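# Structure at a glance
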Amino acid sequence: MKITSIFVFASALLLSACAHNTAGISVDSSGQVRVDNSSFASDVNVVDISSVMVADLIKASALIQSKSSTDLGLQYKFTWYDASGFTVEDEANSWKSVKLHGKQQLQVGAVAPNSQATRFDIYVREAFSN
């Protein structure tokens with residue numbers, strides 16, 4: 001019983017310590033925005049979501065905009081989904097770190113990992129700081 005309580009407490013502590021680094025903004029391929037961190041969203045916009053077919057793969061792009069006058073460290077990643085809504089090769093997609101200077105805009109893009117991908121989300125979050 002005591003070991004279980006310690007494990008549950010340690011797990012909750014670990015999850016709460018990491019939570020502030022994973023929340024941010026996500027935008028799906030139709031342009032629907034979800035904000036998980038309103039403080040971060042007051043400093044960053046993700047706009048101009050677009051995609052084109054290149055051969056049988058989707059090529060996606062988005063514009064990340066800084067609304068802050070100071071430098072921002074952030075990370076972004078594209079996640080691809082098949083027609084059933086399941087992720088496509090998600091393990092192969094990693095977070096990419098970038099720095100935006102005050103009011104800077106950055107065009108980012110990715111190509112679907114295979115022809116099974118039919119839609120995508122782009123996630124943007126505050127970069128981990130040590």
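If you're wondering where the values come from, they're calculated on a predicted model, not measured in any experiment.

### A word on the packing of aromatic side chains
- Inspection of every chain in the model, using the stated rule, returns 4 aromatic pairs.
- For the pair Tyr76 and Phe78, a centre-to-centre distance of 6.3 Å together with 90° between the ring planes defines the contact as edge-to-face. Phe78 carries the same exposure label as Tyr76, and that label is buried.
- Between Phe78 and Phe120, the aromatic rings sit 5.9 Å apart at their centres with planes inclined by 55°, giving tilted as the arrangement. Taken together, the residues span a long stretch of sequence, with Phe78 in strand S5 (residues 72-81) and Phe120 in strand S8 (residues 119-126) at a distance of 42 residues.
- Assessed through its relative accessible area of 1%, Phe120 is described here as buried.
- An aromatic cluster is defined as three or more aromatic residues linked by ring pairs; in this entry it consists of Tyr76, Phe78, Trp80 and Phe120.
- Sitting above the plane of the Tyr81 ring, Arg119 keeps its charged end 4.4 Å from the centroid.
- Note that Arg125 overlies the ring of Trp95, its terminal NZ or CZ placed 3.7 Å from the centroid.

### Let's talk about the environment of Ala23
- Residue position: Ala23 is located in the loop between helix H1 (2-22) and strand S1 (24-28).
- On the accessibility criterion, Ala23 (18% relative accessible area) is buried.
- Setting aside its immediate chain neighbours within four residues, Ala23 contacts Asp36, Asn37, Arg125 and Glu126.

So, how was this worked out
- Residues numbered from 1 in each chain as written.
- Predicted model: local features only at pLDDT ≥ 70, side-chain atom pairs only at ≥ 80, totals over all residues.
- Heavy atoms only, no water.
- Phe/Tyr/Trp six-rings, centres within 6.5 Å; stacked < 30°, edge-to-face > 60°.
- Buried < 20%, exposed > 50% of the residue type's maximum accessible area, 1.4 Å probe, protein only.
- Helix = DSSP H or I, 4+ residues; strand = E, 2+ residues; numbered from the N terminus.
- Lys NZ or Arg CZ within 6 Å of the ring centre and 35° of its normal.
- Contact = heavy atoms within 4.5 Å.

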